[in-house]
Amino acid sequence: MIDPFGRSVTYLRVSVTDRCDLRCVYCMAEDMTFLPKADILSLEELERLCNAFIRLGVRKLRLTGGEPLVRRNIMSLIRNLGAQIGKGGLEELTLTTNGTQLAKYADELFAAGVRRINVSLDTLDPAKFKSITRWGDIAKVMDGLMAAKAAGLKVKLNTVALKGVNEDEYDRLLEFCGEHGFDLTLIETMPLGDIDGDRTDQYLPLSQVRAQLEQRWTLRESSHRTGGPARYVEVAETGQRLGFITPMTHNFCESCNRVRVTCTGTLYMCLGQEDAADLRAPLRASESDELITQAVLDAIARKPKGHDFVIDRTLNKPAVARHMSVTGG
Ligand code: SAM
Ligand code: SF4
């Protein structure tokens, strides 16, 4: 699949549910209305969809959400997809999780062929964790992280940089990652979906964070790429990597190789644009995969050049109305 700008689409992110056991303040409103079950693709339909993408050239699949590990029976999908790794199509299956269920699933994930996971964690402070997630218990995430490490999964922590909230914690997070052999990626907040607060209050440019970190740590440029939008440095003192995802201060679209599917089978060609294609109708219309293949190819032919995020101070409206938990991170 080659888009109109010559970029090869090899990376699919699949949101397997819009539900979550947490309510992170920058991601969801407290009182979210979730989708009716009938709108959501079954696990079998999700598998068929992923297989169609793999046949079209997808090499890397990331399951996300909502929280992927709260979907009932999710391990059956993960096992079936994992069984395809190394058979000439799929090369990597991974997931982004909040970590609350990892203690239960880490071993099974490894057995299914998952080798790397991203765990979202914005703070190491239990009280702050509770306030960011509205009710989460950090002890569960810590147990999950240790289970993942023990299972042999390579862990990367994803931390959203939140002004006045976790600004003082990046040193401690780098130390923590150094102790456990985790990488860390810092992410700028993106204006996605209505939340209960004011985003201009939360936005912290990572250029500023990096300059501060450089006063304490030796950050060496790294050519490492994971197929995602992060730019990496190596932290000389810990030997671990530190990534920066800067959708707001730096345009990361030129090398975009990915598209996203929601749990209702809507394909978004860009995280920051509204244009989408419905894949559920072609999926349900026929048992053969011809319709779905054509729908995907038609959509890729419309993949836009890039996004146009701005956090608008005057209107204070999200740039894109749908929440990150719908499109998947
Ligand atoms: N529940 C899983 C988790 O938290 O890792 C997977 C889905 S979550 C939507 C994926 C990632 O998106 C998380 O790392 C989260 O911090 C990030 N995220 C959510 N809303 C965001 C926003 N408005 N700006 C930047 N990152 C956001
Ligand atoms: Fe849930 Fe992840 Fe969104 Fe937090 S960021 S509310 S854990 S989907």
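Everything numeric here is computed off the predicted structure, so don't read it as measured data.

Moving on: the site of ligand 2. Around ligand 2, a shell composed of C20, L22, R23, C24, C27, M28, G66 and N98 is seen. Looking at the shell around ligand 2, its residues break down into 5 nonpolar, 2 polar and 1 charged.

Turning our attention to the sheet that holds strand β5 (residues 154–161). The strand order across the open sheet formed by 12 strands is β7-β8-β9-β6-β5-β4-β3-β2-β1-β10-β11-β12, and the pairing between neighbours is mixed. At either end of the open sheet lies a strand with only one pairing partner, and these are β7 (219–221) and β12 (276–278). In this sheet, neighbouring strand axes are inclined to one another by 25 degrees on average, regardless of whether the strands run parallel or antiparallel. As judged from the 4 bridges shared by strand β6 (residues 183–188) and strand β9 (residues 241–245), these two strands associate in the parallel manner. Bridge pairing in β9 places I187 opposite I245.

Here the focus is the pattern of salt bridges. Under the criterion given, the structure shown has 18 salt bridges. Via salt bridges that share partners, D171, R172, E175, E179 and R216 belong to a single interconnected network.

Take the nonpolar core next. In this structure, F53, I78, L145, L157 and L242 are the most contacted members of the largest nonpolar core, which totals 94 residues. With 7 residues, the single largest contributor to this core is helix α1 (residues 43–55). Ignoring anything within four residues of it in the chain, the contact list for L157 reads V119, L121, L145, L173, F176, C177, F182, D183, L184 and T185.

Two strands pair when backbone bridges link them, and β7 and strand β8 (residues 231–235) are joined in this way by 3 bridges, in the antiparallel orientation. Across the sheet, L219 pairs through a bridge with V235, a residue of β8.

You will see that N73, though not glycine, has its phi angle at about 70 degrees, which is positive. The exposed category is assigned to N73, whose relative accessible area is 54%.

Restricting attention to buried positions, one finds in helix α3 (residues 102–111) the residues L102, Y105, A106 and L109. Summarising the axial view, the buried residues of α3 lie within an arc of 130 degrees, below the 170-degree limit, and thus occupy one face. The outward face of α3, more than 90 degrees from its buried face, is lined by the exposed residues K104, D107 and A111. Those residues of α3 hidden inside the fold are in contact with α2 (74–82), β3 (92–97), β4 (116–120) and α5 (138–151). Just downstream of α3, G113 is the residue with a positive phi angle, here 110 degrees.

Criteria and thresholds
Residues numbered from 1 in each chain as written. Chains lettered and ligands numbered in written order. Predicted model: local features only at pLDDT ≥ 70, side-chain atom pairs only at ≥ 80, totals over all residues. Heavy atoms only, no water. Near = heavy atom within 4 Å. Nonpolar A, V, L, I, M, F, W, Y, C, P; charged D, E, K, R; others polar. Pairing = 2+ DSSP bridges. Helix = DSSP H or I, 4+ residues; strand = E, 2+ residues; numbered from the N terminus. Axes fitted to C-alpha atoms, helices over the stretch in contact; angles between N-to-C directions. Salt bridge = Lys/Arg side-chain N within 4 Å of Asp/Glu carboxyl O. Core = buried A, V, L, I, M, F, W, Y, C linked by side-chain atoms within 4.5 Å. Buried < 20%, exposed > 50% of the residue type's maximum accessible area, 1.4 Å probe, protein only. Contact = heavy atoms within 4.5 Å. Arc of directions from axis to C-beta.

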